[in-house]
Structure formats: structure tokens, C-alpha cells
Amino acid sequence: MKVLVIGSGGREHALVWKLSQSPRVDKIYCAPGNPGIAEIAECLDIKADDIESLLNFAKYEWIDLTIVGPEAPLTAGIVDAFVKDERRIFGPDASGARLEGSKVFAKDFMLKYGIPTAEYKMFTSYLHAKEYIGLKGAPVVIKADGLAAGKGVFVCETVDEAIDSLKVIMKEKAFGSAGSRVVVEQCLKGEEASFMVLTDGKTVIPLATSQDHKTVFDGDRGPNTGGMGAYSPAPVITKALHLTIMKTVIDPLIKGLAKERINYRGVIYAGLMICDGKPYVLEFNCRFGDPEAQPVLMRLDSDLFEMMKATSEGKLKDVKVSWKDDPAVCVVLASKGYPGNYEKGKVIKGLDELRDMSDTMIFHAGTGIRKNKVVTSGGRVLGVTALGKDISAAKRNAYKAIEKVHFDGMHYRKDIADKAIKK
Ligand code: AMP
Ligand code: GLY
């Protein structure tokens, strides 16, 4: 079978790596991919949002299954275009991807189907939103409605901060039309966890649980990023809480999607806040989390290709999924300046030495090639991901590998998985 994976981050490297282990997969293409992916797949010079070229390639090369990594092509309707052409593709169509593409849609959906989430109000007027913030006080969370590359959410401790954030979204239009509507939301305090499921709209298979580390500095300080590291499983999700999440979040979500006639085939990611032992949904994503996909896929024992093909065909009920007991930890190595403006083109040293480790993977994210050398080309550069017999061992293995890697300005969090170790 021939597979096309769309995207170029650590998540896509982990997907390609796991797919390459399937005996059913003969050839993997990745558009556009990165130098790490290029070691196991053929990378194509096609951008992830160039739907027409991707469809033409899939047709011309007789691709059996296309897998979409990032959210942008999903919200832009890549699945609709492929399905119309009778091509197999993994991911929700544009109507399903609205769960991530519009915070207003997601919040209204949760309200309609009784899914626990923070209290909120939607505004199209700056003045009305400002008035409401004054009335409600702080702390408060301000969210741009549309996709903003993970930067459209502001957790504000004071009213002034909240109004400044509102200005950035609605007056300065920092996220363009994604900010023409805002959600003003009650601020929840608790511990976050990532809960991903695979669904074909009828059957649901929960994936291993995980926890991301959103902020740039140790101790959950500093600005939010796309994610500085993750581990799996997340001990905060106990067996009892897992059942509660399935019953109060996932079941009503799947029933709601069916009621709305949304034929969802892909991953649903619920970003949760656990407050006093109860789950509240902060956001839905319509794809695997990144970096969460890296430790989660390291722990997968089953054939990912079979899982994804069955999902896209509506045959998920025939699939069984098993996981390694060993936990995994992923630490993201970032460029100087990230999550703000960052440096690029720094030579990455030490990758060769780490190539053949069995329990440690160096997933590439923002890397490129210059003069035959692997260099940095993005904010999040590498995801160093390791298994271990317990979470402390997995953490040790990941940080031991990091000692061998270097690029100018490299920075990373030193406390990934500490929350799980303390439990
Ligand atoms: P989102 O993209 O909606 O998940 O928001 C990004 C991050 O902002 C989340 O991972 C949380 O850390 C934080 N956040 C979002 N909504 C809330 C909320 N209602 N209360 C507290 N923190 C939040
Ligand atoms: N790591 C958070 C996300 O993928 O949205």
C-alpha cells in the first residue's frame, strides 16, 4: 500500500515512523516533510495547504491512504475534496474540523449537547466585550474565534490585561478575520490533560492519555507555546476519571456529531482541565496533538496503518488497539527566541550519534538542510522522545539523549514529566 502523510512537524515524523513499521505499507510519501522524515519516506515539494496539488499527486501516484496531520488543510476542506474524488483520506471533513476551526462553534456545540466547559459569552463588538469583561472581572480568558496557530488564547489575571488582549484580537486584528468574533470565558484552575480518541463516527477508541507542557519556562511560567514537551500516560486521568470523561465528554460529543449529520472520521483531541476531579473541555482539536503524538505513538503496539485505514473506511469496530505499559516522555528543543521571533539556520550537532537507539527517537519538527547539514528552520526544532520502565526512567532517557544534541541558542524545559513523577 502507498501512503501520503501531510505535514512537516514532530507529529508527522512520529506518524511516518509508526506507519513505516506496518507490514502493509510499501511506500510512504510526505508533503512537505522534513529531513528526519526524509530518512524513512519520500518528501514532496508540496505545501500542506495546497489541496489541489495534493489531490493531483494522490491521483497520479494511486495513493491508497492519505493522512492529514495539521488542522489548516482540514478546516480548509481537504477531506471534502478527496472524498468527492473517491480518494481514501484520514481526517474529518470541513464541517467536523469546525470543532477546532471555530471556538464559537465548539462552545455552542458543548452547550447544546451538555458537555462540561467553562461559562462563556461570544462577542462581535469590541465595546460590548469590554463592558462584559468589566462586569465579570478577572481572572478571565479571551479567545479569538478562528485558527491562530495556538496564539489566539489569552489567560488574563487582570481586567487591564484582558482589555489589552481584546485590543490585540479585535482592534489590531493580529489574527486577521480569525479575531472578528471573540469568546470571553471563565478562567478555570486545575491540571490539564490531553484526551485523544479515534472515531469513525460510530465506534470510538480512546488513545493513550497524555499531558502537554504549554508554557515556555519551567514551573509552567512564561508565555504559551505550541507545547514544550509531553508524557504518556497522564496519571491525573485515573481509571474512574477515564470513565467519567468517556461518559460526560466523548459520548455526548459523538452523539452530537451524528445529530448534526457530521460524518467524523479521524482523531478528536479534547484539551481538558481537571478541576476538583471533574473534567472540563478547554478546546477540541480535529487532529493528533503535537507534541503529544510523539510519546503516545512511541507507546502504540498495534498497526497504525490498519487503525487509520479502518477509521477512514468506517470499519473501526473491527480494530483492537494495544499499548506498551512503559511510559514515554518527549522534550522539545526550541530555537532561541521561541515562542516569539526566533533564529533559524543553526547547525544541529549530535544527530548521527543518536540515530540507532531503540527506545529513544529524535523526531524532527523545525529542521531543514543547508550545505548538506541539518539546520534549524522553525521554533520547535526537535522532539526527543524516550520510553522507560517507569516515568522517571523515561525522563532520564530523554534528558540523557539531549546531552548529545546541540545547536546555538537551543533551549528546553528541564521539568517535563515532573508532575507525573510526583503523583
Ligand atoms: P486552547 O487553545 O483553548 O486550549 O487554550 C490554550 C491554553 O490556554 C490551554 O491549554 C490552557 O492552558 C489555557 N486555557 C484555555 N481556556 C482556559 C480556561 N477557560 N481557563 C484556564 N485556562 C484556559
Ligand atoms: N500540544 C497542543 C496541541 O497540539 O494543540
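Source: prediction; values computed, not measured.

A. Region of the structure containing the sheet that holds strand β8 (residues 153-156). In spatial order, the strands read β6-β9-β7-β8; together these four strands make up an open sheet with antiparallel pairing. Where the open sheet ends on each side, the last strands, each with one partner, are β6 (120-123) and β8. Pairs of neighbouring strands in the sheet enclose a mean axial angle of 20°, with direction left out of account. Relative to β8, strand β7 (residues 140-144) runs antiparallel, the two sharing four bridges. Bridge assignment links V141 to a residue of β8, and that residue is V155.

B. Structural view of the sheet that holds strand β1 (residues 2-7). One open sheet accounts for five strands, arranged β3-β2-β1-β4-β5; its pairing is parallel. Strands with a single pairing partner mark the edges of an open sheet, and in this sheet they are β3 (42-43) and β5 (89-90). Taken strand by strand, helix α2 (residues 51-60) contacts β1, β2 (27-32) and β4 (65-68), and its axis lies near 170° from that of β1. Packing against the sheet, helix α11 (residues 304-313) makes contact with β1, β4 and β5, and its axis sits at approximately 95° to β4.

C. Structural detail: the site of ligand 1. In the neighbourhood of ligand 1, 16 residues make up the surrounding shell, with E185, L188, E192, K214 and E283 lying closest. One of the backbone N or O atoms of L188 is found 2.8 Å from a nitrogen atom in ligand 1. Taking E192, its side chain carries an N or O atom lying 2.4 Å from an oxygen atom of ligand 1. Here ligand 1 loses 90% of its free accessible area of 470 Å² to cover by the protein chains.

D. Inspection of the environment of Y231 at higher detail. By the element assignment, Y231 lies in strand β15 (residues 229-232). Taking the C-alpha atoms as reference, Y231 lies 8.3 Å from A420; in sequence the two are 189 residues apart. Each residue touching Y231, except ones within four places of it in the same chain, is listed here: E191, T209, S210, Q211, H213, P295, A328, V329, I391, A417, K419 and A420. A distance of 2.7 Å separates a polar atom in the side chain of Y231 from a polar atom in the side chain of Q211.

E. Layout of the nonpolar core. Counting residues in each nonpolar core, the largest one holds 50 residues, and the members touching the most others are I78, F195, L257 and F284. Ranked by size, the runner-up nonpolar core spans 39 residues in total, among them V5, I37, M298 and V319.

F. Fine view of the pattern of salt bridges. A complete count under the given rule lists 29 salt bridges for this structure. The closest approach of N and O atoms between E61 and K2, which form a salt bridge, is 3.1 Å. Of this pair, E61 sits in the loop between α2 and β4 while K2 sits in strand β1; the two residues are 59 residues apart in sequence, bridging distant segments of the chain. Exposure remark for K2: the relative accessible area of 26% places this residue in the partly exposed category. Here K419 and D220 are joined by a salt bridge, their closest N and O atoms 2.7 Å apart. Remark: D220 occurs in the loop between β13 (215-217) and β14 (221-224) and K419 occurs in helix α13 (residues 418-422); sequence separation between them is 199 residues. With relative accessibility at 38%, the residue D220 sits in the partly exposed group. The network of salt bridges with shared partners includes R88, K309, E313 and K315.

G. Broad picture of the site of ligand 2. Around ligand 2, the neighbouring residues are D212, K214, G226, Y269, N285, R287, G289, D290, P291 and E292. Within the contact set of ligand 2, a nitrogen atom lies 2.8 Å away from a side-chain nitrogen or oxygen of D212. Burial of ligand 2 by the protein amounts to 89% of the accessible area it has alone, namely 200 Å². Broken down by class, the residue content of the shell around ligand 2 amounts to two nonpolar, three polar and five charged.

H. Local environment of the side chain of R11. When you line up the elements, R11 lands in helix α1 (residues 10-19). Excluding residues that lie within four positions of it along the chain, R11 makes contacts with G69, P70, E71, R287, F288, G289, D290, A293 and Q294.

I. Structural context of the pairing of strand β20 (residues 367-370). Pairing between β20 and strand β21 (residues 373-376): four bridges, direction antiparallel. Its bridge partner being in β21, R370 is matched across the sheet by K373. Linking two consecutive strands that pair antiparallel, namely β20 and β21, is a turn of two residues; a positive phi of about 50° is found at K371 within it.

J. Structural detail: the packing of α1 against α11. Contact geometry of α1 with α11 gives a least axis separation of 8 Å together with a crossing angle of 105°. By the angle between their directions, the pair α1 and α11 is classed as roughly perpendicular. Packed against α1, whose contacting residues are L15, K18 and L19, the element α11 presents L304, F305 and M308 at the interface. Across the contact of α1 with α11, the residue classes tally to five nonpolar, no polar and one charged.

What counts, and where the lines are drawn
- Residues numbered from 1 in each chain as written.
- Chains lettered and ligands numbered in written order.
- Predicted model: local features only at pLDDT ≥ 70, side-chain atom pairs only at ≥ 80, totals over all residues.
- Heavy atoms only, no water.
- Pairing = 2+ DSSP bridges.
- Helix = DSSP H or I, 4+ residues; strand = E, 2+ residues; numbered from the N terminus.
- Axes fitted to C-alpha atoms, helices over the stretch in contact; angles between N-to-C directions.
- Contact = heavy atoms within 4.5 Å.
- Near = heavy atom within 4 Å.
- Polar contact = N/O pair within 3.5 Å; in protein donor to acceptor, adjacent residues only side chain to side chain.
- Areas by Shrake-Rupley, 256 points an atom, 1.4 Å probe, with all protein chains shown as cover.
- Core = buried A, V, L, I, M, F, W, Y, C linked by side-chain atoms within 4.5 Å.
- Buried < 20%, exposed > 50% of the residue type's maximum accessible area, 1.4 Å probe, protein only.
- Salt bridge = Lys/Arg side-chain N within 4 Å of Asp/Glu carboxyl O.
- Nonpolar A, V, L, I, M, F, W, Y, C, P; charged D, E, K, R; others polar.
- Parallel < 35°, antiparallel > 145°, perpendicular 65-115°, else oblique.

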